[in-house]
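A closer look at the structure
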Protein chains: 6
Amino acid sequence: MPRTIYVINPNRSEIVTQGIDAALAPLRLADGPRIVCLTREDGPSGVQTQCDVDGAAMPLVQRALTLPDDCAAVVIACFSDPGLHAVREAMAPRRVPVFGISESGMLTALSLGQRVGVIAILDTSIPRHMRTYGAMGILDRVAGEKAIGLQVSELSDRALTFERMVAAGRHLVTERGADVLVMGCAGMASFRDDLQTSLGVPVVEPTQAAASMALGRVLLGW
Amino acid sequence: MPRTIYVINPNRSEIVTQGIDAALAPLRLADGPRIVCLTREDGPSGVQTQCDVDGAAMPLVQRALTLPDDCAAVVIACFSDPGLHAVREAMAPRRVPVFGISESGMLTALSLGQRVGVIAILDTSIPRHMRTYGAMGILDRVAGEKAIGLQVSELSDRALTFERMVAAGRHLVTERGADVLVMGCAGMASFRDDLQTSLGVPVVEPTQAAASMALGRVLLGW
Amino acid sequence: MPRTIYVINPNRSEIVTQGIDAALAPLRLADGPRIVCLTREDGPSGVQTQCDVDGAAMPLVQRALTLPDDCAAVVIACFSDPGLHAVREAMAPRRVPVFGISESGMLTALSLGQRVGVIAILDTSIPRHMRTYGAMGILDRVAGEKAIGLQVSELSDRALTFERMVAAGRHLVTERGADVLVMGCAGMASFRDDLQTSLGVPVVEPTQAAASMALGRVLLGW
Amino acid sequence: MPRTIYVINPNRSEIVTQGIDAALAPLRLADGPRIVCLTREDGPSGVQTQCDVDGAAMPLVQRALTLPDDCAAVVIACFSDPGLHAVREAMAPRRVPVFGISESGMLTALSLGQRVGVIAILDTSIPRHMRTYGAMGILDRVAGEKAIGLQVSELSDRALTFERMVAAGRHLVTERGADVLVMGCAGMASFRDDLQTSLGVPVVEPTQAAASMALGRVLLGW
Amino acid sequence: MPRTIYVINPNRSEIVTQGIDAALAPLRLADGPRIVCLTREDGPSGVQTQCDVDGAAMPLVQRALTLPDDCAAVVIACFSDPGLHAVREAMAPRRVPVFGISESGMLTALSLGQRVGVIAILDTSIPRHMRTYGAMGILDRVAGEKAIGLQVSELSDRALTFERMVAAGRHLVTERGADVLVMGCAGMASFRDDLQTSLGVPVVEPTQAAASMALGRVLLGW
Amino acid sequence: MPRTIYVINPNRSEIVTQGIDAALAPLRLADGPRIVCLTREDGPSGVQTQCDVDGAAMPLVQRALTLPDDCAAVVIACFSDPGLHAVREAMAPRRVPVFGISESGMLTALSLGQRVGVIAILDTSIPRHMRTYGAMGILDRVAGEKAIGLQVSELSDRALTFERMVAAGRHLVTERGADVLVMGCAGMASFRDDLQTSLGVPVVEPTQAAASMALGRVLLGW
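Residues numbered from 1 in each chain as written. Chains lettered and ligands numbered in written order. Predicted model: local features only at pLDDT ≥ 70, side-chain atom pairs only at ≥ 80, totals over all residues. Heavy atoms only, no water.

Counted under the stated rule, the structure contains 36 salt bridges over all chains. Its salt-bridge partner being A:Arg34, residue A:Asp70 comes within 3.1 Å of it at the nearest N-O pair. Of this pair, A:Asp70 sits in the loop between α2 (50–65) and β3 (71–76) while A:Arg34 sits in strand β2 (residues 34–39), and the two are 36 residues apart along the sequence. Here A:Arg34 falls in the partly exposed class, since its relative accessible area comes to 47%. B:Asp193 is the salt-bridge partner of B:Arg192, the closest N and O atoms lying 3.0 Å from each other. Given a relative accessible area of 5%, B:Arg192 falls into the buried group. (Salt bridge = Lys/Arg side-chain N within 4 Å of Asp/Glu carboxyl O. Helix = DSSP H or I, 4+ residues; strand = E, 2+ residues; numbered from the N terminus. Buried < 20%, exposed > 50% of the residue type's maximum accessible area, 1.4 Å probe, protein only.)

Okay, here's the thing in structure tokens:
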């Protein structure tokens, strides 16, 4: 079964792609679809601004359109779901389902708790994410979103990043009533287990969530 | 990896269980979790009334609690999600995730279209389903629900059942603006492909959707 | 007029039933319906978990079905409204209206203020209550819910309980913007007047609210 | 117990007031509150336009402020709830609860079905009513509203009025999915029983609903 | 082009009217509509209570109906939008559009940020405003509303007023997630620029917003 | 006052740009801002697909960034609001407000009626528009959207186009309860007056709505 799920990291950071690739290892089965993680080499160092997001859409469409024939599903590995609906439209003739990690992460969270808190990197992303949750029609389930307030360069300080994530998560749980958390970034995957242990509520790593959804859909052939 | 997803049909119809079992075949992978479909032998012939639904909750809890140690996930295969939150609570100490096919089917549909139409068996189930969608906070994405108006006994007439499903689906698409459909019953699985072909919009078979979500979660260990 | 409103306490605590009975005294009129409070002797000591709630549903249906012919209305006196819709369905052939104290308490609160705060006993009940408010479609009017964080055994300490209720209510008013409060438990009735006096906003005792609604409906014959 | 519920008809039609008075007879109990229905003699022949509604507010406040000391509750018997919040404010120092029949009728309907249909007199009232349902935060429970399209003068033709009400109600049930109906006018009370029989779904007469709520609140002393 | 936009201050404060008049200066163009600000001399000193609001409706209708023939639009300059829909109805035969500053201010804010915070004068106005936002169907965009808690007489202390406005605005931004603010009163216009500078988020002065909308509509002739 | 509002047509059709330019004539005042309409010469013949929309975003950002120093506001004249939030972000350092015609048209409609119907060109655009209304948080005010079902090439047949628009508008008013309509395309401006006359409800031409909002904001200096 030559079926492959392509997970595209819209930024050019190989480290992020490697983190995603490692996180998806449990979803690789002997007779299941391959899962291949790609870096958009011509992408920005991070997808942070609205221009980064909108600027990623058409390159992602182009990348998707040139994926090999074995492409069975596409995952866009950025929490702003850049170009999600455009890539869906572009891949529709090939009947290839397309997943965004924000949509997939949030939908998965809805099966794990009643009120979803999201840990963002930057404050400036929150209004954009709120528009997405509104477009998804799920705002009644969103307890709130809290940024950790670190620059991309600071994210390499793992201890600081984790401390901030714990603080943001705790705020969402105790002050906003969240009972499930979503990590609002594709680059946080390696913190998921520790974060869940520290906070005592389920934590959704959105790229894993999206690849899981893709896995099911590929197997079912929908 | 001795992990098993148990899919429990809350009614006593072996035919329904067999239909579910067949529908889940594509999700069985060599090194993936086993998927075992169980019939609740002491269940009603169908779960149709509110009393059927509420009456199924505690027996499902009991059945879940007595599942063997290899239990990695539970799927409740009835579109009214009987006992979903009670089974979740009961299985939490064993860290076994639990899925309802209504919740899972609707969440999956949200990634396939903007406005979801649901094909129900009976008119009397629609207010109950609406309460569920309200509890899920997704009513803004629900285009409507339409019953095919057949008795359980009539469902064995496959030609008639399919005709009614096509009519209900068409109504939801053309009159209510649905662009994705969910089959609101665990016993309709074998019609999915034909229905999608006839109507030209994606059709979600909810037990497949739930088992897919279970598969991903078991592999990830969440 | 041999009409009787039966108020069923789904837990086995006679003390709770007696408290309810006392709270309903003002609704007993010479030529009005009788109001009889029943204890579910085989019930749990408290209805606190989801399994308690789901486990109470069918016994409540059975109890309702065996109520005498003079039964004119049923009130389910637990803030999780266990089995509400099943009991409604079961009593429909007898044309007996059925009331849950959560539904009735919240609807009553909507006529007393714009933003409703709910004082819960336990944190773990809040997601369940939120599902109910979502199913009722009234989440836009819910300011929040706050638990007093006491075990059932501690509720016998009236001074402590009242202190916690005042603190939770004050939080809901000052931090969440509530202008009306609902006591999210059938066992708090005797605190209502003092709580309202202390907090300066209307406080809804939900069993009184439900029995009031039942009284009106019985008199009207709807 | 010299407690009186005053039901004020904001239009000057004695016939409407008499119809209301008759409809409230079942709520009069030997040792319960008196229920007195008043006509606003200086009111318009009907409250139909937005100016009628806004023009009724302050006269209703004045009327309420001059009610005798035995006033225990006020019901404003017009489905546009004219001056509801102003009368509430004005009566707050006397601790007299105030009920609007639109608010009370809709809240009552929420305990009788999942999706509420409203039968209006005039199309032009529907946007105003929709604003009220929005302000109440219950739009997710409103299936729709349909006008019978008769002039006030034509309402005296009972056969025609009933026929139109049945047609509007049937449309709301079959085309919009309503499973409970509210009569959107204080002057339709005498049709309730026949309408419910003809349509097979519960029908709420809103003045009865409001007076029932008032009865309960007076007895409880809230 | 003898077109005039009449801005009516429903309270009798000439100082407020003068403040409005000054704030609208930028909207006066050589060949654009005149903008004339009127004081309702027989109005209350402030429109603060619900009775003030409801009591202002019909006088505003009367004032509007007697505006000269050159009336091209009406703006009601009170954040409770007294009589807005009645004045609309009354002016419809003359095809004169009517604007409320609450509606206009909130709609304008929706184009300036994702989550709107409102700075109110009094706590008691907040439930009324919430009903308006609910009637407008925009509650999902409202982050919250916070009162500055000053009496009308204290508003003449500009330093104190500004300090309180900054504190309320800061709370809305940092605690409630607002990214745009609306000044919930017609009398705050002169603080807008300083408030925006102090808080670093856009601040909407609602009378300017309403007069801007009126200007566009008059020019277009809608 | 060298202030200019730039209205950018994201498709390359000069005819559409000329139609917009003509429609905006009433908003040009002697001492008001200039209004200049630009065609994106390298744009597609029409912005119809999701890829067209996403593909227009960054070229619009580039075009906006290269607008002359007299740029006081930008209007994006396509009903899918391509790149709206990216252009806003890009122009923020220059403090230039940016308007999308979908957002502006819908907000304007909210002041003209209670339930908004939208006349679309193509069925395939409706889910995208629904996402936008969801992101705007205004779905409770949207009665529905109906496509006229013509290809771009057929739009040159004005009689046919108008006939279809009237039919779609009538459907939205009579079947869906719309009391205000929005033309869901920048190329329909010349039909507005006739459509409003034919249908008897207000009709919003969204580019005029957006330019009106821009005019007010430029004058106010916000």
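Remark: helix α3 (residues 84–91) of chain A packs on helix α2 (residues 50–65) of chain F, axes separated minimally by 8 Å, with the N-to-C direction vectors making an angle of 135°. By the angle between their directions, the pair α3(A) and α2(F) is classed as oblique. Considering only the axes of α3(A) and α2(F), their crossing is left-handed. When α3(A) is examined against α2(F), the residues A:His85, A:Ala86, A:Glu89 and A:Ala90 are found in contact with a partner set consisting of F:Gln50, F:Cys51 and F:Asp54. Among the residues forming the contact of α3(A) with α2(F), the class breakdown is three nonpolar, two polar and two charged. (Axes fitted to C-alpha atoms, helices over the stretch in contact; angles between N-to-C directions. Parallel < 35°, antiparallel > 145°, perpendicular 65-115°, else oblique. Left-handed = near helix turned anticlockwise from the far one by under 90°. Contact = heavy atoms within 4.5 Å. Nonpolar A, V, L, I, M, F, W, Y, C, P; charged D, E, K, R; others polar.)

For the rest of this paragraph, the subject is the environment of D:Gly83. Along the chain, the position of D:Gly83 falls in the loop between β3 (71–76) and α3 (84–91). Taking the C-alpha atoms as reference points, D:Gly83 and D:Val53, 30 residues apart in sequence, are found 7.9 Å from one another. For D:Gly83, the contacting residues outside a window of four places in its chain are D:Ala57, D:Ile76 and E:Asp54.

For the rest of this paragraph, the subject is the layout of surface pockets. Residues and elements named next belong to chain B. Estimated volume of the second largest pocket: approximately 930 Å³. Lining the second largest pocket are 43 residues, with Val16, Cys185, Ala186, Gly187 and Met188 positioned closest to its centre. Contributions of two or more residues to the lining of the second largest pocket are made by α1 (14–23), α5 (126–136), α6 (158–174) and α7 (192–199). Grouping the amino acids of the lining of the second largest pocket by side-chain chemistry returns 23 nonpolar, 16 polar and four charged. (1 Å grid on protein atoms, 1.4 Å probe; cavity = no way out; pocket = protein on both sides within 12 Å on 5 of 7 lines; lining within 4 Å. Points joined across faces, edges and corners; volume = space filled by probe spheres on them.)

In this complex, chain A contributes 37 residues to the contact, which on the side of chain B involves 36 residues. Where chain A abuts chain B, roughly 2900 Å² becomes buried across the two surfaces, and 60% of that area is made up of carbon and sulfur atoms. Linking chain A with chain B are zero salt bridges. The tally of links from chain A across to chain B stands at eight residue pairs in polar contact (both at pLDDT 80 or more). Where the side of chain A that touches chain B is concerned, the elements lending two or more residues are α4 (101–109), α5 (126–136), α7 (192–199), β8 (203–204) and α8 (206–220) of chain A. Per-element tally for the side of chain A that touches chain B: the top contributor is α8(A), with nine residues. Its residues placed into classes, the side of chain A that touches chain B shows 20 nonpolar, nine polar and eight charged. (Buried area = accessible area lost by both parts, 1.4 Å probe. Polar contact = N/O pair within 3.5 Å; in protein donor to acceptor, adjacent residues only side chain to side chain.)

So, on to the relation of the copies chain B and chain D. Mapping chain B onto chain D leaves a residual RMSD of 0.0 Å; the transformation is a rotation of 120° accompanied by 0.0 Å of translation along its axis. Between the two chains, the operation in question is that of a three-fold axis. It is B:Asp140 whose C-alpha, among those of chain B, lies nearest the rotation axis, at 4.9 Å. Take the interface residues of chain B: only 17% of them recur as interface residues in chain D, which is what a contact between different surfaces looks like. (Least-squares fit on C-alpha atoms with pLDDT ≥ 70 in both.)

Adjacent strands of a sheet form backbone hydrogen bonds with each other and so pair up, either parallel or antiparallel. Residues and elements named next belong to chain E. Strand order in the open sheet formed by four strands is β6-β5-β7-β8, with parallel pairing between adjacent strands. Only two strands of the sheet have a single neighbouring strand rather than two, namely β6 (142–147) and β8 (203–204). With five bridges connecting them, strand β5 (residues 116–120) and β6 associate as parallel partners. Paired with Val116 across the two strands is Val142, which belongs to β6. Each of β5, β6, β7 (180–183) and β8 is contacted by helix α4 (residues 101–109), which is oriented at about 165° to β7, the strand it contacts most. (Pairing = 2+ DSSP bridges.)

Moving on: the domain arrangement of chain A. Residues and elements named next belong to chain A. By the assigned domains, chain A splits into domain 1 (4–100 + 207–220) and domain 2 (103–206). Just the C-alpha atoms count here: the centres of domain 1 and domain 2 sit 20 Å apart. Surface buried jointly by domain 1 and domain 2 totals about 1700 Å² across both partners, of which 51% is contributed by carbon and sulfur atoms. Where domain 1 touches domain 2, the interface holds one salt bridge. We note a salt bridge from Arg88 to Glu103, for which the minimum N-O separation is 2.6 Å. The tally of links from domain 1 across to domain 2 stands at 11 residue pairs in polar contact (both at pLDDT 80 or more). Among the residues making up the side of domain 1 that touches domain 2, the classes are represented as 11 nonpolar, eight polar and two charged. (Domains from an automatic or database assignment.)

In this structure the tally under the stated criterion is six aromatic pairs over all chains. Ring geometry for B:Phe162 and B:Phe191: centres 6.1 Å apart, planes at 15°, overall stacked. On the criterion of sequence distance, the pair formed by B:Phe162 in helix α6 and B:Phe191 in the loop between β7 (180–183) and α7 is long-range, its members being 29 residues apart. The ring of D:Phe191 carries D:Arg158 above its face, with NZ or CZ at 4.1 Å from the centroid. (Phe/Tyr/Trp six-rings, centres within 6.5 Å; stacked < 30°, edge-to-face > 60°. Lys NZ or Arg CZ within 6 Å of the ring centre and 35° of its normal.)

Right, let's talk about the relation of the copies chain A and chain B for a bit. Once chain A has been moved 0.0 Å along the axis and rotated by 180°, it coincides with chain B to within an RMSD of 0.0 Å. In symmetry terms, the pair is related by a two-fold rotation axis. By residue overlap, the copies meet face to face through one surface: 97% of the interface positions of chain A are interface positions in chain B.

Between chain B and chain D, the residue contacts involve six residues of the former and four residues of the latter. When chain B packs against chain D, close to 380 Å² is buried across both sides, 55% of that on carbon and sulfur atoms. If you sort the residues of chain B by the area they bury against chain D, B:Pro127, B:Met130 and B:Leu139 come out on top, with a joint share of 62%. Our count for the chain B to chain D interface comes out at zero salt bridges. Counting the contacts that link chain B with chain D gives zero residue pairs in polar contact (both at pLDDT 80 or more). Partitioning the side of chain B that touches chain D into residue classes produces three nonpolar, no polar and three charged.

Now for the arrangement of the chains. Chain B shows no contact with chain E. Their nearest C-alpha atoms sit 12 Å apart. Contact between chain C and chain F is absent, and the minimum C-alpha spacing across the pair is 12 Å.

Below, the discussion takes up the nonpolar core. Within the largest apolar cluster, 89 residues are counted, with the highest numbers of intra-cluster contacts made by E:Ile5, E:Val7, E:Met106, E:Tyr133, F:Ile5, F:Val7 and F:Met106. Aside from chain neighbours lying at most four places away, what touches F:Ile5 is F:Pro33, F:Arg34, F:Ile35, F:Val36, F:Ala73, F:Val75, F:Ala211, F:Ala214, F:Leu215 and F:Val218. (Core = buried A, V, L, I, M, F, W, Y, C linked by side-chain atoms within 4.5 Å.)

As a further point, take empty space enclosed by the protein. Under the criterion given, the structure shown has seven cavities of 30 Å³ or more. The computed volume of the largest cavity comes to approximately 490 Å³. In terms of lining residues, the largest cavity is bounded by 31 residues, among which A:Asp140, C:Asp140, D:Asp140, E:Asp140 and F:Asp140 are the most central. Its residues placed into classes, the lining of the largest cavity shows 13 nonpolar, 12 polar and six charged.

Our focus in this paragraph is the pairing of strand β6 (residues 142–147) of chain A. Counting buried residues in β6(A) gives five out of six residues, a clear majority hidden from the surface. Considered for its hand, the β-α-β crossover made up of strand β5 (residues 116–120) of chain A, α5(A) and β6(A) is right-handed. (Right-handed = clockwise from strand over helix to strand, strands pointing away.)

Together, A:Asp140, B:Asp140, C:Asp140, D:Asp140, E:Asp140 and F:Asp140 make up a region of like negative charge exposed at the surface. Along the polypeptide, F:Asp140 turns up in the loop between α5 (126–136) and β6 (142–147). Judged by relative accessible area, F:Asp140 falls into the partly exposed class, the value being 31%. (Patch = residues over 30% accessible without salt bridge, like charges linked within 9 Å, V, L, I, M, F, W, Y side chains within 5 Å. Areas by Shrake-Rupley, 256 points an atom, 1.4 Å probe, with all protein chains shown as cover. Lys, Arg positive; Asp, Glu negative; His and termini not counted. Charge placed at Lys NZ, Arg CZ, Asp CG, Glu CD.)

Residue and element names in this part refer to chain A. The geometry of α4 relative to α5 is characterised by a closest axis approach of 11 Å and an angle of 65° between their N-to-C directions. Here α4 runs over α5; the crossing is right-handed. Contacts between α4 and α5 involve Ser102, Glu103, Met106 and Leu107 on the former and, on the latter, Thr132, Tyr133 and Met136. Grouping the amino acids of the contact of α4 with α5 by side-chain chemistry returns four nonpolar, two polar and one charged.

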